[in-house]
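Residue-level listing of the chains:
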Amino acid sequence: MASRSTQILEAAARVIARRGVRGLRVEELAAEAGVSTALIYYHFKDRTGILRQTLEFINNRAERYTTSRDPDAPPPSPREELDETLLLELQDTVEVRENSSAWGELRASAVFDEELREDLARATLTWVQDVAALLGQVQPMASASSLAATAERLTALLEGLSMRWLSGGIRIGHARDLMRGAIDAELARLEQI
């Protein structure tokens, strides 16, 4: 059974995904989590604490579903690992939909919230660095600055494709095909640099 704080964070991700950051009310979060508002304040102190911890929670959850592998399967090649890591952000599961929607809502709110902006910038930088490291395994001769720029483009594209898919602008299969094409194009570009 999940701890109370995890239960609250799961509920916060659902509420933010559905109603946005501005729509997050502690009373509604308490009802969604099945706990008292006092317990939420005990674990998270204030609304900013809830948002910060929820951002960390969705990042950790995304890391789990993009890096978990069958222990009996052979290890993936660096290219397979790169593809899987990026494409697993485009899966039609409740967890991925919630995470991607909540991430988009947190990003949109960061435009007006400086504290949230800093937290989101740090989380984005970590994601870009992780993707750059994977790219470096595929193209070990590429410069660090080229890998970072490529990772920046791929993660930004992935966010955009995710939002278009989630909002019904494109189908998930098409989003995945576009992402695969972008990975191919970016790797070819790295070879030429």
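Residues numbered from 1 in each chain as written. Predicted model: local features only at pLDDT ≥ 70, side-chain atom pairs only at ≥ 80, totals over all residues. Heavy atoms only, no water.

Asker: Account for helix 7 (residues 114-138), with residues named and values stated.
Answerer: Along its 25 residues, helix 7 runs 36 Å from first to last C-alpha, staying within 8% of the 36 Å computed at 1.5 Å per residue. For helix 7, the full list of buried residues reads Leu 116, Asp 119, Leu 120, Ala 123, Thr 124, Trp 127, Val 128, Val 131, Ala 132, Leu 134, Leu 135 and Gly 136. The inward-facing, buried residues of helix 7 abut helix 4 (47-67), helix 5 (78-87), helix 6 (94-110), helix 8 (144-166) and helix 9 (172-192). The residue sitting at the N-terminus of helix 7 and contributing the capping side-chain oxygen is Asp 113; that oxygen lies 3.1 Å from the backbone nitrogen of Glu 115. (Helix = DSSP H or I, 4+ residues; strand = E, 2+ residues; numbered from the N terminus. Expected span 1.5 Å × (residues − 1). Buried < 20%, exposed > 50% of the residue type's maximum accessible area, 1.4 Å probe, protein only. Contact = heavy atoms within 4.5 Å. Polar contact = N/O pair within 3.5 Å; in protein donor to acceptor, adjacent residues only side chain to side chain.)

Asker: Got a sec to walk through the pattern of salt bridges? Specific residues and values, please.
Answerer: A full pass over the atoms with the stated rule returns 14 salt bridges. The partner of Glu 115 in a salt bridge is Arg 52, with the nearest N and O atoms 3.6 Å apart. Placement of Glu 115 in helix 7 and of Arg 52 in helix 4 is noted, with a sequence separation of 63 residues between them. Take Arg 52: its relative accessible area is 38%, and that puts it in the partly exposed class. Here Asp 92 and Arg 97 are joined by a salt bridge, their closest N and O atoms 2.6 Å apart. (Salt bridge = Lys/Arg side-chain N within 4 Å of Asp/Glu carboxyl O.)

Asker: Account for the packing of aromatic side chains, with residues named and values stated.
Answerer: All chains considered together, the criterion is met by one aromatic pair. When the centroid spacing of 6.3 Å and the interplanar angle of 75° are considered together, the rings of Trp 103 and Trp 127 count as edge-to-face. With a gap of 24 residues between them, Trp 103 in helix 6 and Trp 127 in helix 7 connect regions that are remote in the sequence. Directly above the ring of Phe 112 sits Arg 22, whose terminal nitrogen or CZ lies 5.2 Å from the centroid. (Phe/Tyr/Trp six-rings, centres within 6.5 Å; stacked < 30°, edge-to-face > 60°. Lys NZ or Arg CZ within 6 Å of the ring centre and 35° of its normal.)

Asker: With reference to specific residues and values, describe the nonpolar core.
Answerer: Of all hydrophobic cores here, the largest spans 29 residues; its most connected members are Leu 29, Ile 40, Ile 50, Ile 58 and Leu 106. When residues of this core are traced back to their parent elements, those giving at least two are helix 1 (4-19), helix 2 (26-33), helix 3 (37-44), helix 4, helix 6 and helix 7. (Core = buried A, V, L, I, M, F, W, Y, C linked by side-chain atoms within 4.5 Å.)

Asker: Tell me about the side chain of Thr 150, and name the residues and values.
Answerer: Within the element layout of this structure, Thr 150 appears in helix 8. The exposure class of Thr 150 is buried, given its relative accessible area of 0%. Here Ser 146 takes part through its backbone oxygen, which lies 2.9 Å from a polar atom of the side chain of Thr 150. Residues contacting Thr 150, with those up to four places away along its chain left out, are Leu 135, Glu 186 and Leu 190.

Asker: Just give me the short version of the side chain of Asn 99, but keep the residues and values in it.
Answerer: Note that Asn 99 resides in helix 6. Of the residues examined, Asn 99 reaches a relative accessible area of 4% and is grouped as buried. A polar atom in the side chain of Asn 99 sits 2.8 Å from the backbone oxygen of Ile 58. Not counting chain neighbours up to four residues away, the residues in contact with Asn 99 comprise Ile 58, Arg 61, Ala 62 and Tyr 65.

Asker: Residues and numbers for helix 9, please.
Answerer: Because each turn of an α-helix spans 3.6 residues, side chains separated by three or four positions in sequence point in the same direction. Look at helix 9: 30 Å from first C-alpha to last across 21 residues, which is about the 30 Å you get at 1.5 Å a residue. Of all the residues in helix 9, the buried ones are Ala 175, Met 179, Ala 182, Ile 183, Glu 186, Leu 187 and Leu 190. Angularly, the buried residues of helix 9 cover 130° about the axis, an arc narrow enough to put them on a single face. For helix 9, exposure combined with an orientation more than 90 degrees from the buried face picks out Glu 191 and Gln 192. Where helix 9 is buried, its residues contact helix 5, helix 7 and helix 8. (Arc of directions from axis to C-beta.)

Asker: Tell me what's going on with the packing of helix 6 against helix 7, and back it up with residues and numbers.
Answerer: With their axes 8 Å apart at the nearest point, helix 6 and helix 7 run at an angle of 130° to one another. As far as their axial angle goes, helix 7 and helix 6 are oblique. In the crossing of helix 6 with helix 7, the sense of the turn from one axis to the other is left-handed. For the pair helix 6 and helix 7, the contacting residues are Trp 103, Leu 106, Arg 107, Ser 109 and Ala 110 in the first and Leu 116, Arg 117, Leu 120, Ala 123 and Thr 124 in the second. (Axes fitted to C-alpha atoms, helices over the stretch in contact; angles between N-to-C directions. Parallel < 35°, antiparallel > 145°, perpendicular 65-115°, else oblique. Left-handed = near helix turned anticlockwise from the far one by under 90°.)

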